[in-house]
Amino acid sequence: MSSTQPTPPADRAELERDIAQTRERLAATADALAAKADVKAQAQHKVDDVKAQAQHRVDDLKAQAQHKVTDVKDRAVSSVQGASGSAPGSAKAQGGALAGAVVAVTVLTVWLVVRRRRR
């Protein structure tokens, strides 16, 4: 039959090392239990986690809002530039009116010249 008990160390130095390791494991276990029992520290840790998540979300929303503002601004500027190019009184519209006037005067002049020659 085999025993479930570990075999005792053979010499004193090995026994002292075994005792030191056992003390370290017990200290780590005691620290873990103390941390679980410290409700205030756990609550503070949870608060810190929630704050970090909220700040991350705020940063994401700010970036999205800035992107949307830039996009809307670009579209508005594009619309205004497109509208101002064809608006009455704009240089483009005035150029078209001037060209139309020049064509009308030219046609009228040609018509008058042709009419005088026929008489």
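Model, not experiment: these values are computed from the prediction. (Residues numbered from 1 in each chain as written. Predicted model: local features only at pLDDT ≥ 70, side-chain atom pairs only at ≥ 80, totals over all residues. Heavy atoms only, no water.)

Caption draft 1: Spotlight on the overall build of the protein chain. When you go through the protein chain residue by residue, the secondary structure sums to three helices and zero strands. In the protein chain, which comprises 119 residues, the proportion classed as buried is 1%. On the protein chain, roughly 10,900 Å² of surface is accessible, and the fraction owed to carbon and sulfur atoms is 61%. (Helix = DSSP H or I, 4+ residues; strand = E, 2+ residues; numbered from the N terminus. Buried < 20%, exposed > 50% of the residue type's maximum accessible area, 1.4 Å probe, protein only. Areas by Shrake-Rupley, 256 points an atom, 1.4 Å probe, with all protein chains shown as cover.)

Caption draft 2: Spotlight on the confidence of the model for the protein chain. Averaged over the protein chain, the pLDDT score is 82; the fraction of residues at 70 or greater is 82%. No element of the protein chain has a lower mean pLDDT than helix H3 (residues 91–118), at 80, and none a higher one than helix H1 (residues 12–37), at 92. (pLDDT = per-residue confidence, 0-100.)

Caption draft 3: A look at the pattern of salt bridges. One pass over the full model with this rule turns up two salt bridges. Note that Glu-16 and Arg-12 form a salt bridge whose closest N and O atoms lie 3.4 Å from each other. With a gap of four residues between them, Glu-16 and Arg-12 both fall in helix H1, about one helical turn apart. Judged by relative accessible area, Arg-12 falls into the exposed class, the value being 66%. (Salt bridge = Lys/Arg side-chain N within 4 Å of Asp/Glu carboxyl O.)

Caption draft 4: Spatial organisation of a nonpolar patch on the surface. Together, Leu-108, Trp-111 and Leu-112 line one region of the surface with nonpolar side chains, adding up to about 300 Å² of accessible area. Along the polypeptide, Trp-111 turns up in helix H3. A residue is classified by how much of its surface remains accessible, and Trp-111, at 48% relative accessible area, is partly exposed. (Patch = residues over 30% accessible without salt bridge, like charges linked within 9 Å, V, L, I, M, F, W, Y side chains within 5 Å.)

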